[in-house]
Amino acid sequence: MARIIPLTDARMLVAAAPAAPRAAAPFMPTGELADSRGRFLRDLRISVTDRCNFRCVYCMPKEVFGRDYPFLPHAELLTFEEIVRLARIFKAHGVEKIRLTGGEPLLRKNLERLVAMLAEIDGLDLTLTTNGALLAKKARALKDAGLNRVTVSLDALDDGVFRAMNDVDFPVSRVLDGIEAAAAAGLQPVKVNMVVKRGVNDSEILPMARHFRSSGHILRFIEYMDVGHTNGWRMDDVVPSAEVIRMIGREFPLEPADANYPGEVAGRWRYLDSSGAGEIGVISSVTQAFCSNCTRARLATDGKLYTCLFATQGYDLRALLRGGSTDDAIANYLAAVWSQRGDRYSEIRSERTKALPKVEMSYIGG
Ligand code: SAM
């Protein structure tokens, strides 16, 4: 019998979003915009498409994201010019890093043109998260356009496990080729993100660690999260980072390493072997929430601004862009939204919060 999964369509939620917060008096951005908990705006994730060529069972399951799924029509996506205009405004308010994501960002036509346009904004760290399927083909052009680094999602080295997880029978060898092409193009260090789901790919933790240990790429283990409503998340499916560290540490002793910068979300661990090279990271968004350091905003594919991955309400920046608002007015609006931000979902997560309405990661940007 077909499995019925309750689906919350983010676009319906957005329709119920509150009216725009009112900004006080207009003011000039200072690059030091703090929210109600004192967190500055520093990172922006931009979802450039809600489409993906994978159907990862925990993210875009086929039963929901099937042939008939109403992906956004092209006219509803922000144009490259709109994205760049917003990027400049976010930068003025303190954003230092922009990550392009999706969906699968490499599916967005001429993405390298967007990268080149964003690269003209001085002082931005420009990165991209991809499933790697098209990376071998695109790595060089992305680097030439001005991209600094990439993060590649890869949940298993075993071809059978990987194909079952991406659910489109995509071979692991092509993602590995993409990773090498990215490194060869200079998009380094390549970060490799593995979402660990108990009973599905936890058997791949050690093979992944062995494979990437001396590769120069940084492997990071991500706790499986209750994003969206389509993945049927249960706390039992989560493999805590502490368990991952113990498991790897038994084979390759590890020591904790300092964060690269304040607020880094991944906990860093260094291999203690003689070569001294190599580290892993753990992103413990379930067992050790990092809301108190979260400096990240998300721009969904249709231009809605979200202040948390688990937010239910988006603020419609596209309406402002297309409604003739000036840059100052948009900057002012952004300041009002961010300064009222109080999100800390992961700190209050429980079996009960998993039922709260949330938007899908493919739409809001992973
Ligand atoms: N298509 C790109 C990719 O595969 O990297 C970018 C979008 S994808 C939504 C971004 C990341 O979110 C991937 O690493 C994916 O594994 C991760 N992700 C999706 N659902 C997740 C969940 N429930 N918990 C933790 N990570 C998740």
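Since we're looking at a predicted model, the values are computed, not measured. (Residues numbered from 1 in each chain as written. Predicted model: local features only at pLDDT ≥ 70, side-chain atom pairs only at ≥ 80, totals over all residues. Heavy atoms only, no water.)

### Things to note about the sheet that holds strand S1 (residues 43-47)
Read across the open sheet, the 12 strands follow the order S7-S8-S9-S6-S5-S4-S3-S2-S1-S10-S11-S12; overall the sheet is mixed. Here the strands that pair on one side only, and so sit at the sheet edges, are strand S7 (254-257) and strand S12 (315-316). Where strand S4 (residues 149-153) and strand S5 (residues 191-196) come together, 3 bridges link them in parallel fashion. Directly across from Val 152, in S5, lies its bridge partner Val 192. (Pairing = 2+ DSSP bridges. Helix = DSSP H or I, 4+ residues; strand = E, 2+ residues; numbered from the N terminus.)

### Regarding the packing of aromatic side chains
Two measures describe an aromatic ring pair: the distance that separates the ring centres and the angle between the ring planes. This model, assessed by the stated rule, comprises 8 aromatic pairs. Here the aromatic rings of Tyr 58 and Tyr 224 are separated by 6.2 Å at their centres, their planes lie at 80 degrees, and the arrangement is edge-to-face. Placement of Tyr 58 in the loop between S1 and helix H2 (80-92) and of Tyr 224 in the loop between strand S6 (218-223) and helix H8 (241-251) is noted, with a sequence separation of 166 residues between them. For the pair Phe 65 and Tyr 69, a centre-to-centre distance of 4.6 Å together with 45 degrees between the ring planes defines the contact as tilted. Looking at Arg 213, its charged tip hangs above the ring of Tyr 271, at a distance of 5.2 Å from the centre. (Phe/Tyr/Trp six-rings, centres within 6.5 Å; stacked < 30°, edge-to-face > 60°. Lys NZ or Arg CZ within 6 Å of the ring centre and 35° of its normal.)

### Concerning the packing of H2 against helix H10 (residues 327-339)
Where H2 contacts H10, the two axes come as close as 10 Å, and the packing angle between them is 60 degrees. The angle between H2 and H10 places the two elements in the oblique class. The handedness of the crossing between H2 and H10 comes out as right-handed. Residues Arg 85, Leu 86, Ile 89 and Phe 90 of H2 lie in contact with H10, whose contacting residues are Asp 327, Ile 330, Ala 331 and Leu 334. Among the residues making up the contact of H2 with H10, the classes are represented as 6 nonpolar, no polar and 2 charged. (Axes fitted to C-alpha atoms, helices over the stretch in contact; angles between N-to-C directions. Parallel < 35°, antiparallel > 145°, perpendicular 65-115°, else oblique. Left-handed = near helix turned anticlockwise from the far one by under 90°. Contact = heavy atoms within 4.5 Å. Nonpolar A, V, L, I, M, F, W, Y, C, P; charged D, E, K, R; others polar.)

### Notes on the site of the ligand
In the neighbourhood of the ligand, 18 residues make up the surrounding shell, with Tyr 58, Gly 103, Glu 104, Ser 153 and Met 225 lying closest. Separating an oxygen atom of the ligand from a side-chain N or O atom of Tyr 58 is a distance of 2.6 Å. At a separation of 2.5 Å, an oxygen atom of the ligand approaches a polar side-chain atom of Ser 153. When the free accessible area of the ligand is taken as 550 Å², the share hidden by the protein chains comes to 93%. Among the residues making up the shell around the ligand, the classes are represented as 7 nonpolar, 9 polar and 2 charged. (Near = heavy atom within 4 Å. Polar contact = N/O pair within 3.5 Å; in protein donor to acceptor, adjacent residues only side chain to side chain. Areas by Shrake-Rupley, 256 points an atom, 1.4 Å probe, with all protein chains shown as cover.)

### A few points about the nonpolar core
Core analysis: the largest hydrophobic core is formed by 115 residues, its most contacted members being Phe 90, Leu 100, Phe 221 and Ile 248. If we ignore the near neighbours within four places in the chain, the residues touching Ile 248 are Ile 205, Leu 206, Ala 209, Phe 221, Leu 254, Tyr 271 and Ile 280. (Core = buried A, V, L, I, M, F, W, Y, C linked by side-chain atoms within 4.5 Å. Buried < 20%, exposed > 50% of the residue type's maximum accessible area, 1.4 Å probe, protein only.)

### Quick notes on the pairing of S6
Side-chain positions along a regular strand alternate between the two faces of the sheet. For S6, the tally of buried residues reaches 6 of 6 residues, placing the bulk of the element in the interior. In S6, alternate side chains face the same way, and those of Ile 218, Arg 220 and Ile 222 on one face and Leu 219, Phe 221 and Glu 223 on the other are all buried. In terms of strand pairing, S5 meets S6 through 6 bridges, oriented parallel. When the sheet's bridge partners are listed, Val 195 is paired in S6 with Ile 222. Read from S5 through helix H7 (residues 205-212) to S6, the crossover connection turns out right-handed. Where S6 and strand S9 (residues 279-283) come together, 4 bridges link them in parallel fashion. Bridging across to S9, Ile 222 finds its partner in Ile 283. (Right-handed = clockwise from strand over helix to strand, strands pointing away.)

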